[in-house]
Amino acid sequence: MIVFLIKRLSNAALVMLAVALMAFMIFRFAGDPVELMVNEQTTQEQRQELRERLGIDQPVLMQFARFVGNAVQGDFGISYRNQESVMSLIAERFPATFELVILATILSLVVGVPLGVITAIYRGRWFSEAVQFASIIGVSLPSFVIGILLILGFSVSLGWLPAFGRGEVVQFGWWSTGLLTHSGRMALILPTVALSLYQITLVMRLVRAEMLETLRSDFVKFARARGVPAWRIHYRHALRNCLMPVVTMTAMNIGALIAFALVTETVFQWPGMGLLFIQAITFVDIPVMAAYLVIVSFIFVTLNTLVDITYALIDPRLRDATT
Amino acid sequence: MPDPVLEVRDLRVQFPGRHGTVTALDGVSLHLNAGEILGVVGESGAGKSMTGLAVQGLLEPPGHIAGGEVWLNGRRIDQLSNRQMEKIRGREIGAIFQDPLTSLNPLFSVGSQLEETIRLHLDMTRAEARARAIDLLRQVGIPGPKERIDHYPHQFSGGMRQRVVIALALAGEPKLIIADEPTTALDVSIQAQIIALLRRLCDDLGTSVMLVTHDLGVIAEAADRIAVMYAGRMVEIGPVREVLRQPTHPYTRGLMDSIPALGRRVAHLTQIDGSMPRLDAIPDGCAFNPRCAHVGPRCRRARPALMPTGAGQNACWLTHGGVA
Ligand SMILES: Nc1ncnc2c1ncn2[C@@H]1O[C@H](COP(=O)(O)OP(=O)(O)OP(=O)(O)O)[C@@H](O)[C@H]1O
Ligand code: SF4
Ligand SMILES: [Mg+2]
């Protein structure tokens, strides 16, 4: 297990280094940032001073080493747009995205897993077919369309839920949460639903496919022959065997959701990292873009690594193979 | 004579489908006495597994019992609901499947699967069930059962896993075990051990075993009686010695001739010309008539029932008034 952990972690570190290199390249190819930040009145000395502050007067390798060294400490430089620390900009936006993504993930599991199990166990019944059909619609609608439809329905027509923003948030140090106020919770509902609909169908389809496959397996037949009651076979023996792919997909998809959240955040004007990134693109704000890339990759890689470790914990066969 | 543990009378199993109904079993009758091993043989597709599944109430829908009766320990069970059959499976009928590698749930320790089965069927506390599980592992010849109980299926070899499967079959103290090719997936060297184990358990515990196999050597060694199936029908049934020495049905004779020496498998019956008919194209009269060297007009006209001959029964006109 220890060897396995070390192997997995060094893999992860390597991947992050590659990502850092790519983020760093963006700087190199995006032209002279100083020209973007200054105006005609800036003197040569001021420009030089800014160059030194940004560290772009040094050799490339040194610059990269500094970039990595700083990134490890959470320092991604300063924003070209408003000269604020990039990290504090992101830290300010991160909780909004995080809250949205985690809630969407929980919702997709809470709804998707039971739907998958039920449509597998009762395949061929009318309600399974109906859910299946609805899920096809769910996958084929683009998420911004879903967002707009939700806004039209629940905000514009019914007026039940807010159409944009986070509502009131409560601050804990640098962390902010909308979960503790009424308006915060109301504001979370629509974006969460919009973001999770696609995930729900994915989870449901995966669980259904895995369940159908598992229910055909010999050990399920043998469990029936041992007299294990149907519900116990479904929820203990079969479902547990389906959990691994679900865990994998869920964890991987948290990364994807953070990326997807970009669209949802734009539709709902949700003040998260995605919206920050969109704004950064408009202003060619390279450090913010680079930081977003590195941080989202970091989340991806971390989840990936956690998935592998969880795998080893759930499946005794892997546990042994890796010691 | 005491009541048989299992009695199957004129069992018919059908699969309704788009292209009409397939009759997979047609008029299968057999019985098992207490402590007896009944070997069931026949070509692939003859309906051996189907018979076992029908008895356990494990037919895959739309397959169902369309006729006949199944009696277990003096109680009729072919019309019970699935809920009621759940109480019988494991408790009154144990099962052993062909492939020990896939019969066990890979995510649960063998102990947890044993304890689950025990507690489902016997009124025991967790600790008592665990003690019984260890005891069962010892009975089926697994060394170091106290440590092994917490191991997972993948930590056992194929032969050891089949012993675990046998322990699971015994867990609910059933009086009948249906073993469907329990040694086919195992190394030849281990097959004999497993069969010997079954024979011993059968003698010690008084359990009856319906042993489906392709291996006539296994039957000769372990079984008390033998049942020969062909195209979903029972063609001959009788004491092992008699049937092996003097088969009365032409199909059984073909089976014997197809193996130069006992102990070989009967997967390929090259000695009998032709092949078993598809279930939707079974000829009128005797199902074996296109391949039979003794066929006569009566064989094409009327279907022979399973009738007594000597110490057993067969379904052939030859021994029952002639084929003319
Ligand atoms: N779902 C089904 N629908 C229709 N026919 C089926 C179905 N399942 C099985 N059968 C048929 O039932 C027959 C009996 O099959 P069974 O598995 O009992 O054979 P077997 O004697 O056990 O053969 P083997 O030695 O290969 O295990 C086969 O001819 C098979 O084609
Ligand atoms: S009944 Fe006729 S065809 Fe059938 S096995 Fe006997 S002799 Fe052959
Ligand atoms: Mg079979």
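What counts, and at which threshold
- Residues numbered from 1 in each chain as written.
- Chains lettered and ligands numbered in written order.
- Predicted model: local features only at pLDDT ≥ 70, side-chain atom pairs only at ≥ 80, totals over all residues.
- Heavy atoms only, no water.
- Helix = DSSP H or I, 4+ residues; strand = E, 2+ residues; numbered from the N terminus.
- Rg over C-alpha atoms; globule rule 2.2 N^0.38 Å.
- Buried < 20%, exposed > 50% of the residue type's maximum accessible area, 1.4 Å probe, protein only.
- Contact = heavy atoms within 4.5 Å.
- Areas by Shrake-Rupley, 256 points an atom, 1.4 Å probe, with all protein chains shown as cover.
- Lys, Arg positive; Asp, Glu negative; His and termini not counted.
- Charge placed at Lys NZ, Arg CZ, Asp CG, Glu CD.
- Salt bridge = Lys/Arg side-chain N within 4 Å of Asp/Glu carboxyl O.
- Near = heavy atom within 4 Å.
- Polar contact = N/O pair within 3.5 Å; in protein donor to acceptor, adjacent residues only side chain to side chain.
- Axes fitted to C-alpha atoms, helices over the stretch in contact; angles between N-to-C directions.
- Left-handed = near helix turned anticlockwise from the far one by under 90°.
- Nonpolar A, V, L, I, M, F, W, Y, C, P; charged D, E, K, R; others polar.

Colleague: Explain the overall build of chain B here, please?
Modeller: Each helix and strand counted, chain B has 12 helices and 12 strands in total. Relative to the 2.2 N^0.38 estimate, which gives 20 Å for 324 residues, the radius of gyration of chain B is 20 Å and therefore close to what a compact globule would have. Along the three orthogonal principal directions, the C-alpha set of chain B runs to about 65 × 45 × 45 Å. Looking at chain B as a whole, 56% of its 324 residues are labelled buried. Considering only contacts within chain B whose residues lie at least 6 apart along the sequence, 64% involve residues at least 24 apart. For chain B, the exposed surface amounts to about 13800 Å²; the carbon and sulfur share of it is 50%. Across chain B, 35 positive and 34 negative side-chain charges occur, with their mean positions spaced 2 Å apart.

Colleague: Would you take a moment to explain the pattern of salt bridges for this structure?
Modeller: Here the idea is simple: oppositely charged side chains can pair when their charged atoms come close. Residue and element names in this part refer to chain B. For the structure on display, the rule yields 21 salt bridges over all chains. Here Glu69 makes a salt bridge to Arg9, at a shortest N to O gap of 3.0 Å. Here the residue Glu69 occupies a position in strand E4 (residues 64-72), and Arg9 occupies one in strand E1 (residues 6-17), the gap between them amounting to 60 residues. Among the residues examined, Arg9 registers a relative accessible area of 35% and is labelled partly exposed. A cluster of three or more residues bridged by salt bridges with shared partners is formed by Glu7, Arg9, Glu69, Arg76 and Asp78.

Colleague: Just checking my understanding: could you explain the site of ligand 1 for this structure?
Modeller: All names here are of chain B. Within the structure, ligand 1 sits among 13 residues, and Ser44, Gly45, Lys48, Ser49 and Met50 are positioned closest to it. One of the backbone nitrogen or oxygen atoms of Gly45 is found 2.8 Å away from an oxygen atom of ligand 1. When the free accessible area of ligand 1 is taken as 640 Å², the share hidden by the protein chains comes to 63%. In terms of residues, the shell around ligand 1 owes the most to one element, helix H1 (residues 48-56), which gives 3 residues.

Colleague: Whenever I open this one, the packing of helix H7 (residues 143-157) of chain A against helix H8 (residues 182-215) of chain A confuses me. Can you help?
Modeller: For any two helices packed against each other, the geometry comes down to the angle between their axes and how far apart the axes lie. All names here are of chain A. Two elements in contact, H7 and H8, have axes whose closest approach is 9 Å; the angle formed by their N-to-C orientations is 145 degrees. Regarding H7 and H8, the two cross each other, and that crossing is right-handed. Where H7 abuts H8, its residues Ile146, Gly147, Leu150, Ile151, Phe154 and Ser155 lie against Leu190, Val193, Ala194 and Leu197. Among the residues making up the contact of H7 with H8, the classes are represented as 8 nonpolar, 2 polar and no charged.

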